[in-house]
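Tertiary structure, described
Letter by letter, the chains look like this.
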Amino acid sequence: MVTKQFSGSSEDADLRRADSLAREIFSDVANKWALLIIESLGERTLRFSELRNEVEGVSHKMLAQNLRMLERNGLVERTVHPVVPPRVEYTLTEPGQALRVTIDGLCDWTHRYLGHIETSRHRFDA
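All figures in this text were calculated on a predicted structure; none of them were measured in a lab.

Cut-offs and rules
Residues numbered from 1 in each chain as written. Predicted model: local features only at pLDDT ≥ 70, side-chain atom pairs only at ≥ 80, totals over all residues. Heavy atoms only, no water. Phe/Tyr/Trp six-rings, centres within 6.5 Å; stacked < 30°, edge-to-face > 60°. Helix = DSSP H or I, 4+ residues; strand = E, 2+ residues; numbered from the N terminus. Buried < 20%, exposed > 50% of the residue type's maximum accessible area, 1.4 Å probe, protein only. Salt bridge = Lys/Arg side-chain N within 4 Å of Asp/Glu carboxyl O. Lys, Arg positive; Asp, Glu negative; His and termini not counted. Polar contact = N/O pair within 3.5 Å; in protein donor to acceptor, adjacent residues only side chain to side chain. Core = buried A, V, L, I, M, F, W, Y, C linked by side-chain atoms within 4.5 Å. Contact = heavy atoms within 4.5 Å. Pairing = 2+ DSSP bridges. Axes fitted to C-alpha atoms, helices over the stretch in contact; angles between N-to-C directions. Parallel < 35°, antiparallel > 145°, perpendicular 65-115°, else oblique. Nonpolar A, V, L, I, M, F, W, Y, C, P; charged D, E, K, R; others polar.

All right, on to the packing of aromatic side chains then. Counted by the stated rule, this structure contains 1 aromatic pair. Seen in terms of ring centroids, Trp109 and Tyr113 are 6.0 Å apart; in terms of plane orientation they differ by 45°. Their pairing is tilted. Linking Trp109 with Tyr113, this pair stays in helix α5 (residues 94-125), spanning 4 residues, or about one helical turn. Accessibility expressed as a relative area gives 44% for Trp109, which makes it partly exposed. Owing to a relative accessible area of 32%, Tyr113 belongs among the partly exposed residues under this scheme.

Below is the structure:
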């Protein structure tokens, strides 16, 4: 994301709002838990407990916070079934699926350059 210099026109004000929103969304989804939740959901629909088992190391609190944030941003759909006890399921929306493609690309990049990154880290830390 590039930070731009804006003048005072209404078109610039729209660009500032869009830039600000993009930064906010990026800040929301660019955390390890959100990325892992999106990747774990994939094309499946999962319950909270299933997601917690899929995302290794995530606490109940962090999973709940991230699911709420992803739902707020329109990336995850939450469905509550009217049964006792309540059954809540989560699935990626179309924008969530599109973001997953980007995350998959990041994962592919990581696998491709893992050896290079490890070598660089060892050299730097030495």
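All right, on to the pattern of salt bridges then. Side chains that differ in charge, positive against negative, can pair when their charged atoms come close. Using the criterion set out here, one finds 5 salt bridges in the structure. A salt bridge links Arg100 to Glu43, with the nearest nitrogen and oxygen atoms 4.0 Å apart. Taken together, the residues span a long stretch of sequence, with Arg100 in helix α5 and Glu43 in the loop between α2 (32-41) and β1 (45-47) at a distance of 57 residues. You can call Arg100 buried: its relative accessible area is 18%.

In this section: the side chain of Asp28. Tracing the sequence through the fold places Asp28 in helix α1 (residues 10-29). Although Asp28 is buried, it forms no salt bridge, and the closest oppositely charged side chain is Arg72 at an N-O distance of 4.4 Å. A distance of 2.9 Å separates polar atoms of two side chains, one belonging to Asp28 and the other to Asn73.

Ile37, Leu41, Leu51, Leu67, Leu70 and Tyr90 are the most contacted members of the largest nonpolar core, which has 22 residues in total. Looking at this core, the elements that each hand over two or more residues are α2, α3 (48-54), α4 (60-72) and β3 (87-92). When neighbours within four sequence positions are excluded, Leu51 is seen to be in contact with Ile37, Ser40, Leu41, Leu46, Leu63, Leu67 and Tyr90.

As a further point, take the pairing of strand β2 (residues 76-81). The pairing of β2 with β3 spans 6 bridges and is antiparallel. For Thr79, the partnering residue across the bridge sits in β3 and is Glu89. Between β2 and β3, which pair antiparallel in sequence order, lie 5 residues.

Moving on to the packing of α2 against α5. Their axes nearest at 10 Å, the elements α2 and α5 cross at an angle of 105°. As summarised for this structure, α2 and α5 are arranged roughly perpendicular, according to the angle between their axes. In contact with Leu35, Ile38 and Glu39 of α2, α5 contributes Gly96, Leu99, Arg100, Ile103 and Asp104. When grouped by side-chain class, the residues that make up the contact of α2 with α5 number 4 nonpolar, 1 polar and 3 charged.

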